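Structural features, examined
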Amino acid sequence: MREDILEFLMNRRSIRSFQKKDVDNELLKKLIYVANHAPNSMNREPWKFIIIRDEKTKEELSKLHKGASHLSNAPINIAVVGEPDVSPDTWMVDVVNATMYFVLSAYAVGLGVGWVAAYENETAKKILGIPKEKVLVTLLSLGYPDPEYKPKPKTVKSPEEVILYEKWS
């Protein structure tokens, strides 16, 4: 059993404060390449990643959602966009799988990611030029973590609280 991988997964935390250090484009491409390996129906890859470096755009996005303020201080924002027209029945799960692969691969190379949850937002779509038929799934802040930033400790439910056997009971 690979306990090191289990520890890696349990230790990942959302990061909302970053160093003023750029992230190389080749590294971003590699992380997205890893994300493209995520499980997805019929390998349709119904997603796009928009890389956002423009300070004005990051500032605008950070004001659109109460949990999005960290977007403005990150070197990079990533908009993860789903394409229901590419995979109508499974796009949502497929996109979330790819997003998690991206987040975990970023953590593996020493980057921090903050996730803005449940984000479909018409104003954000307009700012980013996302077509109407596409879905803005999430916005991510990305960068090298500020060494002074201490994420909140994570508490999770016990397995007994979330496991059911055979059927819902």
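Preceding this paragraph is the structure being described.
The residue numbers shown here count from 1 along each chain, following its written sequence. The predicted origin of the model limits local features to residues at a pLDDT of at least 70 and limits the giving and counting of side-chain atom pairs to 80 or more, whereas totals for whole chains, interfaces and linings rest on all residues. Based on all heavy atoms of the structure, the side-chain values leave hydrogens and waters out of the count.

Quick look at the overall build of the protein
As a reminder of what qualifies: Helix and strand assignments come from DSSP, with helices taken as H or I runs of at least 4 residues and strands as E runs of at least 2, each series counted from the N terminus. Accessibility here uses a 1.4 Å probe with only protein chains present; expressed as a share of the type maximum, an area under 20% marks a residue as buried, one over 50% as exposed, and anything in between as partly exposed. Note on definitions: a residue-residue contact is assigned when non-hydrogen atoms from the two residues lie within 4.5 Å.
A count of helical and extended segments in the protein gives six helices and four strands. Counting helices and strands in the order they occur from the N terminus, the protein gives α-α-β-α-β-α-β-α-β-α. A total of 169 residues make up the protein; the buried ones form 40% of that total. The contacts of the protein with a sequence gap of at least 6 include a subset with a gap of at least 24, amounting to 78%.

Re the pairing of strand β4 (residues 135–143)
Under the convention used in this document: Two strands are counted as paired when DSSP detects at least two bridges linking them.
The buried fraction of β4 amounts to nine of the nine residues, a majority that puts the element mostly inside the structure. Two strands pair when backbone bridges link them, and strand β2 (residues 76–82) and β4 are joined in this way by seven bridges, in the antiparallel orientation. Looking across to β4, one finds that N77 is bridged to S141.

Considerations on the environment of R13
Quick reminder of the rule: Distance and chemistry together define a polar contact, namely a pair of N or O atoms within 3.5 Å, with one atom able to donate a hydrogen and the other to accept it when in protein, and with adjacent residues in sequence counting only for side-chain atoms on both sides.
Inspection of the secondary structure puts R13 in the loop between α1 (3–11) and α2 (25–35). Separated by 107 residues in the primary sequence, R13 and E120 have C-alpha atoms spaced 23 Å apart. Discounting residues that sit within four places of it in the chain, R13 has contacts with V113, P151, K152 and K154. Here M10 takes part through its backbone oxygen, which lies 2.8 Å from a polar atom of the side chain of R13.

Here we look at the nonpolar core
Short version of the rule: What we call a nonpolar core is a set of buried Ala, Val, Leu, Ile, Met, Phe, Trp, Tyr and Cys residues that are connected through their side-chain atoms within 4.5 Å.
One finds V23, F49, I78, F102, L111, L140 and L142 to be the most contacted residues of the largest nonpolar core, which totals 25 residues. Contributions of two or more residues to this core are made by α2, β1 (47–52), β2, α4 (91–108) and β4. Broken down by element, the residue count for this core peaks at six residues, all from α4. Ignoring sequence-local partners within four residues, the contact set of I78 consists of L28, F49, I50, I51, F102, T138, L139, L140 and L142. L61, A68, V81 and A124 belong to the second largest nonpolar core, which has 13 residues in total.

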